[in-house]
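Letter by letter, the chains look like this.
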Amino acid sequence: MIAEHLTQASYLAAAALFILSLRWLSNPKTARRGVAAGVAGMTAAIAGTLLHPDIVSFKWIAVAIVVGTAIGIPLSRVPLTAVPQRTALSHAFGGLAAGLVGTAKYMLWLQDGQLTAFRTAAIAVEVILGYLTFTGSLMAAGKLQEIIPTRPITYPGQNVVNLGLLAIAVLSSVVLVVRPDLWQFFPVVIVLSLAFGVLLIVPIGGADMPTVISLLNAYAGLSAVAMGFVLENKVLITAGALDGSSGFILSVIMCRAMNRSFTNVLFGAFGQVQAGGSAAEAKAVKSGTPQDAADLLGNAEKVVIVPGYGMAVSQAQHRVREIYDALTKQGIDVKFAIHPVAGRMPGHMNVLLAEAEVPYEALVEMDEINRDLPQTDVVLVVGANDVVNPAARHDTKSPIYGMPIIDADRAKFVIANKRSMNPGFAGIDNELYSADNTLMIFGDAKTVLGEVVKALTGGGGH
Ligand code: NAP
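Residues numbered from 1 in each chain as written. Predicted model: local features only at pLDDT ≥ 70, side-chain atom pairs only at ≥ 80, totals over all residues. Heavy atoms only, no water.

This part covers the domain arrangement of the chain. Interfaces are frequently sized by the accessible area removed from exposure as the parts join. According to the domain assignment, the chain contains domain 1 (57-267) and domain 2 (278-457). Taking only C-alpha atoms, the centre of domain 1 and the centre of domain 2 are 38 Å apart. Counting residues at the interface gives 13 residues for domain 1, matched by 17 residues for domain 2. When domain 1 packs against domain 2, close to 1,200 Å² is buried across both sides, 78% of that on carbon and sulfur atoms. Contact with domain 2 buries surface across domain 1, with Leu80, Thr81 and Ala257 losing the most and accounting together for 42% of the total. At the level of secondary structure, the elements contributing two or more residues to the side of domain 1 that touches domain 2 comprise helix H4 (83-112) and helix H9 (234-257). Broken down by element, the side of domain 1 that touches domain 2 gets its largest block of residues, 4 residues, from H9. Each residue belonging to the side of domain 1 that touches domain 2 can be placed in one class, and the counts come to 9 nonpolar, 2 polar and 2 charged. (Domains from an automatic or database assignment. Contact = heavy atoms within 4.5 Å. Buried area = accessible area lost by both parts, 1.4 Å probe. Helix = DSSP H or I, 4+ residues; strand = E, 2+ residues; numbered from the N terminus. Nonpolar A, V, L, I, M, F, W, Y, C, P; charged D, E, K, R; others polar.)

It is worth spelling out helix H14 (residues 348-355) at this point. Within the sequence span of H14, burial applies to His348, Met349, Leu352 and Leu353. The buried residues of H14 occupy an angular sector of 120° when the element is viewed end-on, so they sit on one face. Where the residues of H14 are buried, they touch strand E1 (302-307), helix H12 (309-314), helix H13 (317-329), strand E2 (333-338) and strand E3 (363-365). Looking one or two residues past H14, glutamate 357 carries a phi angle of roughly 60°, positive in sign. (Buried < 20%, exposed > 50% of the residue type's maximum accessible area, 1.4 Å probe, protein only. Arc of directions from axis to C-beta.)

Further remarks concern the site of the ligand. Near the ligand there are 31 residues, and of these Asn385, Asp386, Arg419, Ser420 and Asp444 occur at the shortest range. In the model, an oxygen atom of the ligand is placed 2.7 Å from a nitrogen or oxygen of the aspartate 386 side chain. Within the backbone of alanine 445, one N or O atom sits 3.0 Å away from a nitrogen atom of the ligand. Coverage of the ligand by the protein chains reaches 97% of its 910 Å² of free accessible surface. Broken down by secondary-structure element, the contributors of at least two residues to the shell around the ligand are H12 and strand E5 (413-418). Ranked by the residues each element gives to the shell around the ligand, the list is headed by H12, at 4 residues. Of the residues assigned to the shell around the ligand, the class counts are 15 nonpolar, 11 polar and 5 charged. (Near = heavy atom within 4 Å. Polar contact = N/O pair within 3.5 Å; in protein donor to acceptor, adjacent residues only side chain to side chain. Areas by Shrake-Rupley, 256 points an atom, 1.4 Å probe, with all protein chains shown as cover.)

On to the environment of serine 193. Residue placement: serine 193 occurs in helix H7 (residues 185-201). Of the residues examined, serine 193 reaches a relative accessible area of 2% and is grouped as buried. When the C-alpha positions of serine 193 and isoleucine 168 are compared, they lie 9.8 Å apart, and in sequence the two are 25 residues distant. Once residues lying within four places of it in the same chain are set aside, the contact partners of serine 193 are Val127, Ile128, Tyr131, Leu132 and Thr135. In terms of polar contacts, serine 193 uses its side chain to reach the backbone carbonyl oxygen of valine 189, at 2.6 Å.

Our focus in this paragraph is empty space enclosed by the protein. Applying the stated criterion to the full structure yields 1 cavity of 30 Å³ or more. In this structure, the largest cavity spans a volume of roughly 30 Å³. As for the largest cavity, its lining consists of Tyr106, Thr120, Ile123, Ala124, Ser173, Leu176, Phe186 and Val189. Counting residues per element, the lining of the largest cavity draws most heavily on helix H5 (residues 117-144), at 3 residues. For the lining of the largest cavity, the per-class residue count stands at 6 nonpolar, 2 polar and no charged. (1 Å grid on protein atoms, 1.4 Å probe; cavity = no way out; pocket = protein on both sides within 12 Å on 5 of 7 lines; lining within 4 Å. Points joined across faces, edges and corners; volume = space filled by probe spheres on them.)

Inspection of the entire model under this criterion finds 9 salt bridges. A salt bridge links lysine 335 to aspartate 333; the nearest nitrogen and oxygen atoms lie 3.3 Å apart. Notably, a salt bridge pairs arginine 393 with aspartate 409, separated by 2.5 Å at the nearest N-O pair. Residue arginine 393 is located in helix H16 (residues 391-394), and its partner aspartate 409 is located in the loop between H16 and E5; the two are separated by 16 residues in the primary sequence. Judged by its relative accessible area of 30%, arginine 393 falls in the partly exposed class. If you follow the salt bridges from partner to partner, you end up with Arg393, Asp407, Asp409 and Arg410 in one network. (Salt bridge = Lys/Arg side-chain N within 4 Å of Asp/Glu carboxyl O.)

Structure follows, in structure tokens:
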């Protein structure tokens with residue numbers, strides 16, 4: 001039939017577009033094209049599905065599209081700092097959709113006596129991963145939005161209880177595969193998966209949520225693969241596999257950049273113990289004014305700017321760009337040092353700096369910039385903390401020991417801007433701020449850097 005051929009052709013086009021999209025998204029220069037390819041791929045997949053000869057009624061599809069659009073548009077308008085929790089919500093919806101489709105298919109096939117062992121197994125995988133992604137992602141979003149306590153909540157035997165629940169859910173699924181008519185086990189699988197999603201996230205600190213979200217993304221993808229087998233839909237299998245593997249790779253990259261293992265993120269209750277622990281001796285810090293910063297920057301030959309989470313909070317990227325413009329106009333060499341986990345999501349700094357139209361060539365990866373830092377006159381740290389903390393190199397007791405950092409302290413001079421001496425994400429002190437070659441400029445990044453720009457351009461500098 002023509003419609004069937006058209007559906008398969010559009011699925012093939014969609015799969016190719018998804019692969020191209022991922023390829024293009026991996027480079028900032030082609031990222032916009034990557035987004036467009038992803039949207040085109042999804043449009044092709046939906047159009048192909050609507051052409052499918054099996055569809056008998058478009059009424060509920062239309063209702064779902066209207067409801068989804070009505071929720072999706074306001075969700076897309078969140079500030080950039082809220083993107084991790086927004087992404088978590090999307091995964092929650094994806095997981096719920098997969099779980100509900102699996103549940104509906106189970107009930108239909110149970111009635112019609114069409115439940116084969118393979119179908120039941122695929123539904124079980126879909127339902128377990130779908131529902132645990134649903135509640136897990138809601139918990140992750142809640143922790144990031146600080147609606148629920150962000151501290152890891154732990155109790156003795158927690159991992160045994162959690163894994164025990166999962167084991168019961170898996171065993172119940174095995175019973176269903178062997179005896180599909182024993183439907184009473186199906187609600188057990190659903191309830192345990194929902195509970196497991198919550199319990200999995202409870203012991204993980206809010207700070208680790210971006211890594212967890214990326215992992216939940218991988219689960220949602222795998223759930224979609226299982227759904228593809230249930231519905232015999234090839235594009236779901238392809239897209240789910242791409243989603244699952246890219247989410248998994250991203251989690252691995254994030255763990256490596258923090259020098260943490262998966263088990264440490266998932267079971268380590270990071271962010272719980274160190275508060276108030278080995279409080280470093282309070283050493284005097286030198287603090288200066290925006291004018292001092294402008295003088296130092298204006299007299300440098302080589303400047304490196306290290307942006308961090310504080311730049312995102314303050315939305316100071318445009319002021320940073322103005323500093324870059326003012327300095328390069330004076331013939332000063334200015335580069336940006338990009339740490340892979342600066343901020344709260346992968347690519348956070350790249351996105352903000354691209355929004356402020358900082359030339360992409362000025363952004364340098366951590367390993368490369370570290371070679372240049374000893375020859376750099378001034379490093380300007382904007383709301384970065386953990387990613388420039390030298391304790392990661394030498395303090396074996398530090399929770400961030402071993403995490404690769406940007407060696408800002410090795411430059412001749414460091415200017416560090418933040419609002420107070422409060423710690424960053426890892427909850428620990430940073431000796432960089434009290435180093436002899438560091439000058440602190442306290443205040444909100446946007447305000448402080450605005451004054452630095454004024455001093456540089458309005459005759460305040462040199
Ligand atoms: P950070 O260690 O969290 O420090 C950010 C600093 O910004 C804070 O110390 C804060 O100090 C300052 N700040 C906050 N608001 C500010 C404002 N309005 N103006 C100026 N400064 C402000 O950030 P980071 O150095 O970027 O390190 C990122 C951390 O997040 C790492 O520990 C990383 O492992 C973790 N993480 C990142 C990702 C990722 O994908 N990027 C994922 C998971 C975890 P004040 O309060 O004193 O202003």
